[in-house]
Amino acid sequence: MFKMRKVLACLMMFALLVTGVAFAEAKTEITILTRWSGSDPMADYLDNYILEFEERHPDVKVNNISINEEASYNNKFKTLVATGDIPNVFYLPGIASLVKYAENGLIMDVSVLFEDGEWYNGFLDGAFDMFDFATYGVEGVYAVPFAATPEGVFYNADMLKEVGYEAFPETMEEFYVCMDKLLEKGYVPFAPGAAETWRVGHLHNQLLYKWCGTSKATELGARTAKWTDEDVVQSLAWLKDMNDRGYLMENCAGLTLDMEKTMFFTQQSAMTCNGSWFIGDITAQGELGFDVAFAAWPYFTEREENKGAVVQYPQNWCLKGGMEGAEYDATVAFVKEYTGRDNQTRVTAEKGTLPIRKDIDYSGIELNDLFMGCMDVLNNATSQAGDSFDYDQLSSMQDVTRNNIVGMLLGNTPEECAKAIQDEIDTNG
Amino acid sequence: MDQYYSNKRIVLLFLLPALVIYVGLAVYPIVQSIVFSFYEWNGLQGVPMEYVGMNNFGSMFRSAKFWLSVKNVLQFIAVNLIFQIIIGYGLAVLLAQNRPGFKIFKTIFFFPVVLPLTATALLWKFIYFPNNIGVLNQLLNAIGLESLKTGWLINTKTALNAVSIANVWTGFGYHMVIGFAALSAIPDGIMESSMIDGATGFRQFFSITLPMIWESMKISFVLLITGSMKNFDIIFVMTEGGPNGATHVPSTLMYYEAFKYDHYGLGSAISVFIFVASLALAGLTIRLMRRESVEY
């Protein structure tokens, strides 16, 4: 009996020791969900950043569950949200679509982080403005931007020189003449991979803001403007006109993004409307055999007031709401360190992405012309906006706007396109 | 053995594991979908569902997108029924003649069935690419039929049929095997007797062969109708319901409404429609194809 007690006591001691060790070694786990995985140019950078973050914070374990492919990403995110298993840090495109998450306390009001002046004051002026939801009736700021992504035209400078353009056309009128000359030479001006509908959605964003101004996006979202308004229909008509004149490759609705890139890199098309993220794609190609340059989308002479209207897509991380203690500290540290001066300097140097901060130390960074071109566009911007549906709380608007724009390129009129989009709003929201 | 059968407890015990799995993975989700279809929910955990009665069904039936998807799925079913049955059973009849060298064709024709559907869909997507990129357009170019070239998957007049043809290619082998098995089960004696009685060719096929394989064809019809009704993957991979919603079928529409537009109630209502319509069509098919069983 005594022996038995001794054995039991030893077992209990051992069990306490093991659980004690386990408790001592327990790490705070945080989960991050981004689009940077697989073949994404940022995937390796994120992996390294996580490794280094874990070295700096030995008590934290970061679970990276990022997915590159859009549909899979959305499915995973929605499933996690529906089951209450929200990642600590996640990327969610859009602005107004975040409002319902903010209203329900699922994402964190990051304005509490602004007390750290060294971190906050280094951001570009107005970097957080897009995520201040006061206009939607929700107090607070609900995302942290991590990159600047102005969009414009990446063009084959050699092709444009061949048709007589040393510099990119500044006005739409000149742009039309330039594209006619390209066509005469047998070059396709644009070959958007519109099978992925965002490719033509982005083209329309440019025309919408250069024609109507960036405030039109917020007005459409706030329902003070309609898609059937004359100026909005005209913005659609410009795109239709470009397609009808052959400036967009025939049957571009069946081309994929990869085809679009291949056509540009193999000099089968002269231009691509893309954001600063495209610099990574160009760099990854190595020697192209021709010069690529970047310019702002041309403006309409009769709407010169919108010359500085620039499309800039929100690149932001949301933080899970309701965090406390070690989980909160680890999550905030992860985001603040990534968006801090040191890492933003490094990501600029290594990946050529545009930093979201103004306190970057550019000494020792080799800045190429494309980077400088994007910076110029950003610096000359008088107003900025993302996708037109970013400001709309109706989840279906992303698909509805883009699908109908594709439908317009396939034969519908701008009026039919505008009506179909407006019908969705009138029916659902 | 009878002792075991008479003991209901033991019978139930043996049935229980399968029953639990079936109820948990099939019956429960169906019931849950039916329940969800009477509620509206935005997909956020912690946000209560709101009871809306029949509103989701009302929205569904008022939606032009929904009726287009119903028209599309009926067209998809018709094309698949006609071609998969004719090609599948036609090949089965040919192969059942057991001529030398025919065996290899059984494997060749069945091959598309074992390929992953996503891979098959991507393969056909490459075939249908527009301009001179796709194989089909290149072929038309090569044989002097440039005028027929089109963007097969972006032309609203051709997109759905293009997807249907791809689906026929993936499925006819399956029905060929079902048909072949049915034909193989017909006793040689019956065929020989019919020949002695003077029935050959078409007369023999329609009077002897067809009645003998009727039950197998019924299975093929039901499988094709229910399979086409819930078809999602091939359409999603090839067109994502596009261009501009022109190739949506109820299952892709359900996915978009629920998982992209956060209309979980409406999505559930569409899934209930798919369930009921599949049951109704399958029941109708069985009823229409009912005939006296043939015994030999």
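Residues numbered from 1 in each chain as written. Chains lettered and ligands numbered in written order. Predicted model: local features only at pLDDT ≥ 70, side-chain atom pairs only at ≥ 80, totals over all residues. Heavy atoms only, no water.

Enquirer: Give a detailed account of the overall build of chain B, specifying residues and quantitative values.
Expert: The number of helices and strands found in chain B is 13 helices and 2 strands. Judged by the C-alpha coordinates and their principal axes, chain B covers about 75 × 75 × 30 Å. A burial count over chain B gives 43% of its 296 residues as buried. Of all intrachain contacts in chain B linking residues separated by at least 6 positions in sequence, the fraction that spans at least 24 positions is 66%. About 16,500 Å² of surface is accessible on chain B, with carbon and sulfur atoms providing 69% of the total. Looking at charge distribution, chain B has the averaged site of its 18 positive side-chain charges lying 3 Å from that of its 14 negative ones. (Helix = DSSP H or I, 4+ residues; strand = E, 2+ residues; numbered from the N terminus. Buried < 20%, exposed > 50% of the residue type's maximum accessible area, 1.4 Å probe, protein only. Contact = heavy atoms within 4.5 Å. Areas by Shrake-Rupley, 256 points an atom, 1.4 Å probe, with all protein chains shown as cover. Lys, Arg positive; Asp, Glu negative; His and termini not counted. Charge placed at Lys NZ, Arg CZ, Asp CG, Glu CD.)

Enquirer: Could you give me a rundown of the domain arrangement of chain A, with the residues and numbers involved?
Expert: A common way to state how big an interface is: give the accessible area lost once the parts meet. Residue and element names in this part refer to chain A. The domain boundaries assigned to chain A delineate domain 1 (26–147 + 316–371) and domain 2 (150–312 + 385–428). Between the C-alpha centres of domain 1 and domain 2 the distance comes to 28 Å. The interface of domain 1 with domain 2 comprises 15 residues on the first partner and 16 residues on the second. On the surface where domain 1 and domain 2 come into contact, there are 0 salt bridges. Between domain 1 and domain 2 we count 2 residue pairs in polar contact (both at pLDDT 80 or more) in total. Broken down by secondary-structure element, the contributors of at least two residues to the side of domain 1 that touches domain 2 are α4 (99–103) and α15 (369–379). Class assignment for the residues of the side of domain 1 that touches domain 2 results in 9 nonpolar, 4 polar and 2 charged. (Domains from an automatic or database assignment. Salt bridge = Lys/Arg side-chain N within 4 Å of Asp/Glu carboxyl O. Polar contact = N/O pair within 3.5 Å; in protein donor to acceptor, adjacent residues only side chain to side chain. Nonpolar A, V, L, I, M, F, W, Y, C, P; charged D, E, K, R; others polar.)

Enquirer: I'd like to hear about the sheet that holds strand β3 (residues 89–91) of chain A, residue by residue, with values.
Expert: Residue and element names in this part refer to chain A. The strand order β2-β1-β3-β10-β4 describes an open sheet built from 5 strands, whose pairing is mixed. Whereas interior strands pair on both sides, the edge strands pair on one side only; in this sheet they are β2 (60–64) and β4 (144–145). Helix-sheet contacts for helix α13 (residues 325–339) involve β1 (28–33), β2, β3, β4 and β10 (316–319), and the interaxial angle to β1 is about 45 degrees. (Pairing = 2+ DSSP bridges. Axes fitted to C-alpha atoms, helices over the stretch in contact; angles between N-to-C directions.)

Enquirer: Describe unusual backbone geometry, with residues and values.
Expert: The phi torsion of most residues other than glycine is negative, and most of the peptide bonds are trans. The omega torsion of the bond from G242(B) to P243(B) falls at 0 degrees, within 30 degrees of zero and hence cis. Although it is not a glycine, R223(A) sits at a positive phi angle of roughly 70 degrees. Within the fold, R223(A) resides in the loop between α9 (215–222) and α10 (230–244). According to the relative accessible area criterion, R223(A) is partly exposed, its value standing at 30%.

Enquirer: Kindly report on the interface of chain A and chain B, identifying the contributing residues and their values.
Expert: Counting residues at the interface gives 30 residues for chain A, matched by 23 residues for chain B. Regarding the contact of chain A and chain B, the summed buried area is about 2,300 Å², with carbon and sulfur atoms giving 54% of it. On the chain A side of the contact with chain B, K78(A), N251(A) and D399(A) bury the most area, a combined 20% of that side's loss. There are 4 salt bridges connecting chain A and chain B. At the junction of chain A with chain B, the criterion picks out 12 residue pairs in polar contact (both at pLDDT 80 or more). For the side of chain A that touches chain B, the elements supplying multiple residues, two or more each, are α3 (70–82), α4, α11 (257–265), α16 (397–409) and α17 (414–428) of chain A. (Buried area = accessible area lost by both parts, 1.4 Å probe.)

Enquirer: Which residues make up the pairing of β1(A), and what values do they have?
Expert: Regular strands place side chains that alternate from one sheet face to the opposite one. Here 5 bridges tie β1(A) to β2(A), and the two strands are oriented parallel to one another. Its bridge partner lying in β2(A), I32(A) is registered against N64(A).

Enquirer: Give a detailed account of α16(A), specifying residues and quantitative values.
Expert: Within an α-helix, residues lying three or four positions from one another point in the same direction, as the helix has 3.6 residues per turn. For α16(A), with 13 residues, the first-to-last C-alpha span of 18 Å sits near the 18 Å given by 1.5 Å per residue. Along α16(A), 12 of the 13 residues are buried, which leaves the element largely enclosed by surrounding structure. Within the sequence span of α16(A), burial applies to M397(A), D399(A), V400(A), T401(A), R402(A), N403(A), N404(A), I405(A), V406(A), G407(A), M408(A) and L409(A). If you follow the buried residues of α16(A), they end up packed against α8 (198–212), α10 and α17 of chain A together with α12 (250–260) of chain B. (Expected span 1.5 Å × (residues − 1).)

Enquirer: Could you give an account of the environment of F133(A), with specific residues and numbers?
Expert: All names here are of chain A. Tracing the sequence through the fold places F133 in the loop between α5 (117–120) and β4. Owing to a relative accessible area of 0%, F133 belongs among the buried residues under this scheme. Along the sequence, F133 and D109 sit 24 residues apart, while their C-alpha atoms lie 10.0 Å from each other. The contacts of F133, once residues within four sequence positions are left out, are I95, L98, V99, A102, V138, G140 and Y142.

Enquirer: Give a description of the pattern of salt bridges that names residues and reports values.
Expert: Where charged atoms from two side chains of opposite charge approach closely, those side chains can pair. Taken as a whole, this structure holds 24 salt bridges over all chains when the rule is applied. Between R199(A) and E260(A) there is a salt bridge whose closest N-O contact spans 2.7 Å. Of this pair, R199(A) sits in helix α8 while E260(A) sits in helix α11, and the two are 61 residues apart along the sequence. Close ionic contact of K260(B) with D399(A) constitutes a salt bridge, the shortest N to O distance being 3.4 Å. A residue pair is termed interchain when its members come from two chains, as with K260(B) in helix α12 and D399(A) in helix α16. Looking at K260(B), the relative accessible area reads 23%, which means it is partly exposed.

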